[in-house]
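Working through the structure, step by step
What follows is the residue order along each chain.
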Amino acid sequence: MGAYIVNRLWTGLITLFLVTFLVFGLLNLLPGDIVGTLMGDQGYTQAEANKIRHELGLDKPIATRYVLWVGALSHGDFGQSLVNGRPVSKIIRTSFPVSIELAFIALIISSAVGIPFGVYSAIRQDAWDDYAARLVSIVGYSTPAFWLGTVVIVFPAIWWGWVPPLFFVHIEDDPIGNLGFMIVPALVLAAGAAARNARLTRSQVLETLREDYVRTARAKGITGVSLISRHVLRNALLPVITQLGGSVIFLISGAVVVETIFSIPGIGTTLLSAIQHRDYPVISGVDLVIAVLVIGSHILIDLSYKIADPRVTY
Amino acid sequence: MIEREQVFIEPAVALPGLTGLLGLVNGARRFSRRRPVGAFCAVVIVALLFIAAAAPLVARQDPLITHTVIKLQPPSTAHWFGTDDLGRDVFSRVVYGARVSLGIGFGGMLVSLALGIIIAVVSGYFGGVTDIVIQRMVDAVQAIPGLIVVLTAVTIIKPSPTSLFVILGIQAAFGGSRLIRSQVFAVKNMPFVDASRSMGASHVRIMWRAILPNVMSLAIISGSFNLIGIILAEATLSFLGQGVQPPNPSWGQMLSGSARPFMVRAPWMGLAPGIVLTITLMVFSLFGDTLRDELDPRLRGSKGA
Amino acid sequence: MKDEGVWSRASGRGLSRRRLLGSAAAGGATIAGLALAGCGGKTAGTAKSGASGAASKTPQRGGTLTLSENFQRGFDPHILQATDTGMFGLFYSMLIRANPTTYEIEPDLAAKWEVPSQTELVFTLAPNIKWQDKAPASGRPLKVDDIISSYKRIQTNDPKFINKAYLSSVDKMEAVNDTTLKLTLKSPDVTQLGNLAVFSMKILNPEVVEKAAGKFPAAESCVGTGAFVLQATEQNVGSTLVRNPAYFKPGLPYLDQINLKAFGAGTTDFEAEWAAFIAGQIDYRWVPGQDSQKFEAEKKGQYDLGWTGDQIYFITQAQTQKKPWDDPRLQRAMRLLIDHKEFRDQWATTWFGRGRYSAIFGTATADVWDLSEDEYGKYLEFKQPKDDANKEAVQLLSAAGYTKDKPLKFTLAGTSGNGYQSEMTQLAQAQYKKGSQGALDMDIKLFPTAEWATTRAQGNFEYYIGGHSSGGLDPDTYFSSTYKTGGGRNYGHMSDPKLDAMIDKQRTLFDENERKKAVRDIIIYMMDTCPFGSAVPNYILTATPPKLRNFPGQGPTFKWGDHYENIWLNR
């Protein structure tokens, strides 16, 4: 087991380097660079552009820039934004926790709503309330988040003169206010995620219900809640948990649209803006943190499989 | 015991007979009696596909012709879904948009399904070094934020529907493969697989006959998530300005484009593609469920054979 | 004696005002007291409905104002384009500035100025100007040398300093004494004074500049002489500003605090911003075109409504360095195919509420300098119905070798940054297609905002339509930046020596009537010869809650941040 962990960590590190280098390479393929943003609307000559690029160190070959970046990282220096000079570490420090908080709240809501929904739906398979429940979940995840979000903001304003809180406050300054700010976008995000969880749970529970050991338990007279909780859920939920793990990452880095509409200063909008401006230091820094999260969570999940089901061999 | 193995190893028996047209018709009739909802969804899907394919026949007007004098009109007999801010017929745009959205969705889903299953089955079945290498690659691809991958790819390659579904499909494949892989682990250690191996079956045969059918249900669920995810991703890309270029309509582009500013003044601009999109995703999901229930005999409910 | 009156305006409006105040004594015009009276110029200018009567009530002290703004590019105005620096006027000052309603030039740091000759400008600073009490300036008095060092910095020979052109005529700058600045020009140039009022010409503190070494990301690096002190700022969240107790204009500002909130990151989310205004979460917002009719009809009592001119217009540029776009027949055909009436009555009305005909100006400038709409209607390009223009266009295209059977295939570029830009591009495409009867076959490519700047600046397009601004109100800012050979915004690289000469000439005309005529002649000349065209510029409907007095206004593309000391809340 110990050897396994070490092995995973070591290969994880290699993957990390691979990822970050890949991103460097990808960015290089993108046409255009920061010069357009810096020069504003003004036309500029190639000479002027080259001068700026030289100042920012953008004219060095990728390999060199990569090595320099890794070197700076080892000192804890993530570089500075090309757009306004802000330290990247500060940008990450301020925007990541916001996204994580949002994802976390959305995750809790979507699990708390979605999983029980799915279990109920499975138990009542093919009955009318199964169909009703599935309909609700499908509508839930087929409505684009940006649409739902805009509706939530615009219509109450017109009808009742009310908007959900649109101004961000830090959790350390005002926890209640912060929660109030996060709850509406989290609900919007959770709507889709809850529906997905419900569907997956339903299918997993259905499968497990047909398993031999479940039939055995039923034959022994175990029914209802105890059947579900003790025999079915543990096996049914394994893939669901995998999915949850994946969805956290998605929620963090994929919630760009919700962040834009609700003015949430999270990592999604930071990344989007950085990509559009070709702000390489910010993109690389954000990508590094996301990569660590993704690889880390994969390692944890694989470990949990190993612990839960020793039959599983790698 | 043997009966179940046979069922597992020879799932082909469970499919309705495909020989002969009569067989097909009979099969369809039996199917619709067994699964009325699924059959209904199938009909709707066929109708949607037909509408998409025959768009020029179904649409009442050219979706691109602007006629600003009649802009922002509510639904009427002349314009079933009303007109947008440039006076274009929303119904015709929804019909033509079906081509793009369904094309991207389907294409992407197929790509993601095929690629995802291959990755998951190969990686999970062989285990060991193969698994480690493949999974690190999956990690790497997943670790790059989807936004970067897709936006970069779309910027380099012109954002046509083809390039979009390939890119989105590949992206979804990697993401969904882990789920399928977890199921592969559960299946590959089951006794009947050992039995097959001891009987001398080749790896390919085992993967195809034993592993694949048993991960199919999860794969289909994953695939249907992907279908929806891909169509929504296209909508999000349009919101970020990188999707299908106007004035060619796609549902995602219609939803995220001028429909938002006019949400109050002309709600039909957003409701039309939105409702059609929801219905489409709905029938695909329900049909996917039905298909999966059919293919995996373990999951047949009380109404199953 | 030259007409000093023209020196008092950023644009030529206000002839009657000059007469009202009496012509100045020989030696210079002074427009003192315009801003110092605390009026903010709401009594003249565009018509406003509803009770605004700034002069009728006594300003009250105190209160907090909440608005939408996201500082994303740091706090160095010298390297930003003018439209990005509007709100910097909250904490930075300029030598002179333009009035938001009359567009006349007003004192700011300079209390008065004189024009001893056509190549000399002499400014006398207001008394008691102090830098804000933040290190390292720490409240010390402003020196004339501070202004000179900022102007010199603007002229830095580094491509990042994109505002050099606004000081292009200045030869020498000297501090005559502790309170007097003298600028000597290279040659007579009537526009140089107005250029000093462009938003980016803010005066920065030299110690801060030195310490910052080119990077101005944080609130600490933001030290000015303005009415409000930037206390805290967080990107994508918001900023807090407090009253500057040592502000040099006595009794001002009235407000205690200003809170700025960010809506969205990168680009502002208009829908959320508008909803917030309706719900009373922010105190001011321009009205989106989609709601303007309803607002005018229903909300007259609840808000002070008024139409103001905007500083952007929508230009079409042909990339004359790429064939076949150097063919004047093709260029003219493209201009003729645009249906300005449709743009004005359908597109501009939908998105902004109102538009007007103008070939090359934003409405703020057009209202003063441009041909009237009736006059425009006489030219083939603007004539209705479009049949004659389209027929001519088809003939020109055919002569250039393009017909329905052999159409010209190209990509029409635009930007996806805003809903109205995307729709404008689609409408243009539809007009081109329809009018050319198939001789033009184009697809559209919309670029996101960040790439749009590069695409245009590098000339990577064949033909594009997009929003365009000049950075200033004076017609010369439009001519020199966009239509003159080598202009900073002349992305299509058009070059017409005759036009260049006309542009140079009008800079030297100090007689207002002469200058106006010269500008009109340029517009008319360009009607037939210019490879660039345009759609229609827009007005903005502004809705001010009655409690908010003297609000200078803002639109989607610019904000008059430098008049906020006059704002007061009627509680």
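Residues numbered from 1 in each chain as written. Chains lettered and ligands numbered in written order. Predicted model: local features only at pLDDT ≥ 70, side-chain atom pairs only at ≥ 80, totals over all residues. Heavy atoms only, no water.

A word on the overall build of chain C
Convention followed: Helix and strand definitions follow DSSP, with helices as H or I runs of at least four residues and strands as E runs of at least two, each counted in order from the N terminus. Three labels apply to residues, based on accessible area from a 1.4 Å probe with only protein chains included: buried if under 20% of the type maximum, exposed if over 50%, partly exposed otherwise in between. In these tables, accessible area is a Shrake-Rupley quantity obtained with a 1.4 Å probe, and a residue counts as shielded only by the protein chains included in the view.
The helix and strand tally for chain C stands at 16 helices and 21 strands. Residues classed as buried in chain C amount to 65% of the 571 residues present. With the model as given, the accessible surface of chain C reaches about 19,200 Å², and the carbon-plus-sulfur share is 49%.

Some points on the interface of chain B and chain A
Our working rule: For this analysis, residues touch if any pair of their heavy atoms sits within 4.5 Å. Once two parts are joined, some of their accessible surface, as seen by a 1.4 Å probe, is lost; buried area is that loss totalled over both. Counted as salt bridges are all cases of a side-chain nitrogen of Lys or Arg within 4 Å of a carboxyl oxygen of Asp or Glu. Here a polar contact means two N or O atoms within 3.5 Å. Within protein one must be a hydrogen donor candidate and the other an acceptor candidate, and residues neighboring in sequence count only if both atoms are side-chain atoms. By the convention adopted, Pro, Cys, Tyr, Trp, Phe, Met, Ile, Leu, Val and Ala count as nonpolar, Lys, Arg, Asp and Glu as charged, and the other residues, Gly among them, as polar.
Taken together, the contact between chain B and chain A spans 61 residues of the former and 66 residues of the latter. In total, about 5,800 Å² of surface goes out of reach between chain B and chain A, with carbon and sulfur atoms giving 68% of it. Along the contact surface separating chain B from chain A lie zero salt bridges. Between the two partners, chain B and chain A, sit one residue pair in polar contact (both at pLDDT 80 or more). Breaking the side of chain B that touches chain A down by element, the ones donating at least two residues are α6 (128-143), α7 (146-156), α8 (161-188), α10 (203-239), α11 (251-256) and α12 (268-295) of chain B. Taken together, the residues that form the side of chain B that touches chain A break down as 29 nonpolar, 16 polar and 16 charged.

Topic: the sheet that holds strand β5 (residues 110-117) of chain C
Residue and element names in this part refer to chain C. This is how it is decided: The criterion for strand pairing is that DSSP finds at least two bridges linking the strands in question. Whenever a helix is involved, its axis is fitted only over the stretch in contact; in every case the axis is a line through C-alpha atoms, and angles between N-to-C directions fall within 0 to 180 degrees.
Overall, antiparallel pairing links the four strands, which are arranged β5-β6-β8-β7 in an open sheet. Edge positions in the open sheet fall to β5 and β7 (170-177), since each of these has one partner strand only. Neighbour-to-neighbour, the strand axes of this sheet turn through a mean angle of 20 degrees, independent of strand direction. Note that β5 and strand β6 (residues 120-125) share five bridges and pair antiparallel. Across the sheet, K112 pairs through a bridge with T124, a residue of β6. Against the sheet, helix α2 (residues 144-154) makes contact with β6, β7 and β8 (180-185), and its axis sits at roughly 165 degrees relative to β7, the strand it touches most.

Here's the deal with the environment of G492 of chain C
Residue and element names in this part refer to chain C. As for its placement among the helices and strands, G492 is situated in the loop between α14 (475-483) and α15 (497-506). In this structure G492 comes out as buried when scored by relative accessible area, which is 0%. Along the sequence, G492 and K322 sit 170 residues apart, while their C-alpha atoms lie 9.1 Å from each other. Sequence-distant contacts of G492, that is, excluding residues within four places in its chain, are made with Q317, A318, Q319, T320, Q321, F461 and F532.

So, the domain arrangement of chain A
Residue and element names in this part refer to chain A. Definition in use: Just so you know, the domain bounds were taken from an automatic or database domain assignment.
Domain boundaries assigned for chain A yield domain 1 (2-73) and domain 2 (88-308). Domain 1 and domain 2 are separated by 31 Å when their C-alpha centres are compared. Taken together, the contact pairs 22 residues of domain 1 with 16 residues of domain 2. Between domain 1 and domain 2 the total buried area reaches about 1,700 Å² when both faces are included, carbon and sulfur atoms providing 74% of it.

Let's talk about the sheet that holds strand β2 (residues 64-68) of chain C
Pairing between sheet strands relies on hydrogen bonds along the backbone, with the strands arranged either parallel or antiparallel. Residues and elements named next belong to chain C. One open sheet holds the four strands; their spatial order is β2-β11-β10-β9, and the pairing between them is mixed. Each edge of the sheet is formed by a strand with only one pairing partner; in this case those strands are β2 and β9 (228-234). Averaged over neighbouring strand pairs, the angle between their axes works out to 15 degrees when direction is ignored. As paired elements, β2 and strand β11 (residues 257-261) share five bridges and run parallel to each other. From the neighbouring strand, L65 faces β11, where its bridge partner is I258.

Some details on the pattern of salt bridges
All names here are of chain C. In this structure the tally under the stated criterion is 39 salt bridges over all chains. A salt bridge links R153 to D76; the nearest nitrogen and oxygen atoms lie 2.7 Å apart. Of the two residues, R153 is situated in helix α2 and D76 in the loop between β2 and β3 (96-98); the sequence distance between them amounts to 77 residues. Since its relative accessible area comes to 13%, R153 is described here as buried. For E375, the salt bridge is made with R520, and the minimal N-O distance between the two is 2.5 Å. With E375 in helix α10 (residues 373-377) and R520 in helix α16 (residues 512-529), this pair connects stretches of sequence that are 145 residues apart.

Some words on the packing of helix α3 (residues 36-53) of chain B against helix α5 (residues 90-126) of chain B
Residue and element names in this part refer to chain B. Definition in use: Here a crossing is called left-handed whenever its near helix is offset anticlockwise from the far helix by less than a right angle, and right-handed whenever the offset is clockwise.
Relative orientation of the contacting elements α3 and α5 amounts to 115 degrees, with a least axis distance of 8 Å. Read as a crossing pair, α3 and α5 show a hand that is left-handed. Every residue of α5 that contacts α3 at L48, L49, I51, A52 and A53 is listed here: V95, A98, R99, L102 and F106. Considering only residue class, the contact of α3 with α5 consists of nine nonpolar, no polar and one charged.

Points about the packing of aromatic side chains
Operational definition: Between 30 and 60 degrees the pair is tilted, below 30 it is stacked and above 60 it is edge-to-face, where a pair is any two Phe, Tyr or Trp rings, Trp via its six-membered ring, whose centres lie within 6.5 Å. Put simply, a charge is over a ring when the Lys NZ or the Arg CZ is close to the ring centre, within 6 Å, and near the line of the ring normal, within 35 degrees.
As enumerated under the stated definition, the model contains 49 aromatic pairs over all chains in all. Plain terms: the ring middles of F24 of chain A and Y66 of chain A are 5.3 Å apart, the flat faces sit at 80 degrees to each other, and that makes the pair edge-to-face. With F24 of chain A in helix α1 (residues 2-29) and Y66 of chain A in helix α4 (residues 62-74), this residue pair connects regions lying 42 residues apart in the sequence. For the pair shown, F24 of chain A and Y66 of chain A are each scored as buried. Following the ring pairs from residue to residue traces out a cluster consisting of F71, F75, F88, F91 and Y92 of chain C. Geometry around F447 of chain C places K445 of chain C over its ring, the cationic atom sitting 4.8 Å from the centre.

Examining a nonpolar patch on the surface
Test applied: A patch consists of residues whose relative accessible area exceeds 30% and which take part in no salt bridge; residues with like charges are grouped when within 9 Å of each other, and nonpolar side chains (Val, Leu, Ile, Met, Phe, Trp, Tyr) when within 5 Å.
On the surface, a nonpolar cluster with roughly 400 Å² of combined accessible area is contributed by M1, I5, L9 and I307 of chain A. Looking at where L9 of chain A falls in the secondary structure, it is placed in helix α1.

Considerations on the side chain of D269 of chain C
With respect to the element layout, D269 of chain C can be found in the loop between β11 and α5 (270-278). By relative accessible area, D269 of chain C is classed as buried at 6%. Engagement of the side chain of D269 of chain C in a polar contact is seen with the backbone nitrogen of A272 of chain C, the distance being 3.1 Å. Excluding its chain neighbours within four sequence positions, the residues that come into contact with D269 of chain C are T260 and I261 of chain A, R260 of chain B together with F263 of chain C.

Examining unusual backbone geometry
That bond from A135 of chain C to P136 of chain C is cis: its omega, -5 degrees, falls within 30 degrees of zero. Within the fold, P136 of chain C resides in the loop between β6 and α2. Cis geometry marks the peptide bond from L252 of chain C to P253 of chain C; its omega dihedral reads -5 degrees. With respect to the helices, strands and loops of the structure, P253 of chain C is situated in the loop between β10 (238-243) and β11. In the Ramachandran plot, L72 of chain B falls in the positive-phi region, its phi being about 55 degrees despite a non-glycine side chain. The topology assignment puts L72 of chain B in the loop between α4 (55-58) and α5. For N128 of chain C, which is not glycine, the phi dihedral falls at a positive 65 degrees. Here N128 of chain C shows up in the loop between β6 and α2. Taking relative accessible area as the criterion, N128 of chain C reaches 57% and is therefore assigned exposed.

Points about the pairing of strand β13 (residues 304-309) of chain C
Residues and elements named next belong to chain C. In terms of burial, β13 is largely enclosed, as six of its six residues are buried. Neither face of β13 is exposed, since D304, G306 and T308 on one face and L305, W307 and G309 on the opposite face are all buried. The pairing of β13 with strand β19 (residues 539-544) spans six bridges and is classified as antiparallel. Looking at β19, one finds that T308 is bridged to I540.

Brief notes about α8 of chain B
All names here are of chain B. Selection criterion: Take the residue count of a helix, subtract one, and multiply by 1.5 Å to get its expected span. Bend angle per residue: angle between axes fitted to the 7 residues ending at that residue and the 7 residues starting there.
With 28 residues, α8 extends 38 Å from end C-alpha to end C-alpha; this agrees with the ideal 40 Å at 1.5 Å per step. The largest bend along α8 reaches roughly 35 degrees and is located at G176. Across the 28 residues of α8, 20 count as buried, placing the element largely inside the fold.

Let's talk about the confidence of the model for chain A
Cut-off, in case you're wondering: Looking at any residue, its pLDDT shows the predictor's confidence there, from 0 to 100.
Summary statistics for chain A give a mean pLDDT of 79 and a share of 89% for residues scoring 70 or more. In the model of chain A, helix α10 (residues 224-254) of chain A stands out as the element of lowest mean pLDDT, 66, in contrast to helix α5 (residues 88-123) of chain A, which has the highest, 87.

Describing the pairing of β6 of chain C
Residue and element names in this part refer to chain C. From the end of β5 to the start of β6, which pair antiparallel, there are two residues. With five bridges connecting them, β6 and β8 associate as antiparallel partners. Looking at β8, one finds that T124 is bridged to T180.

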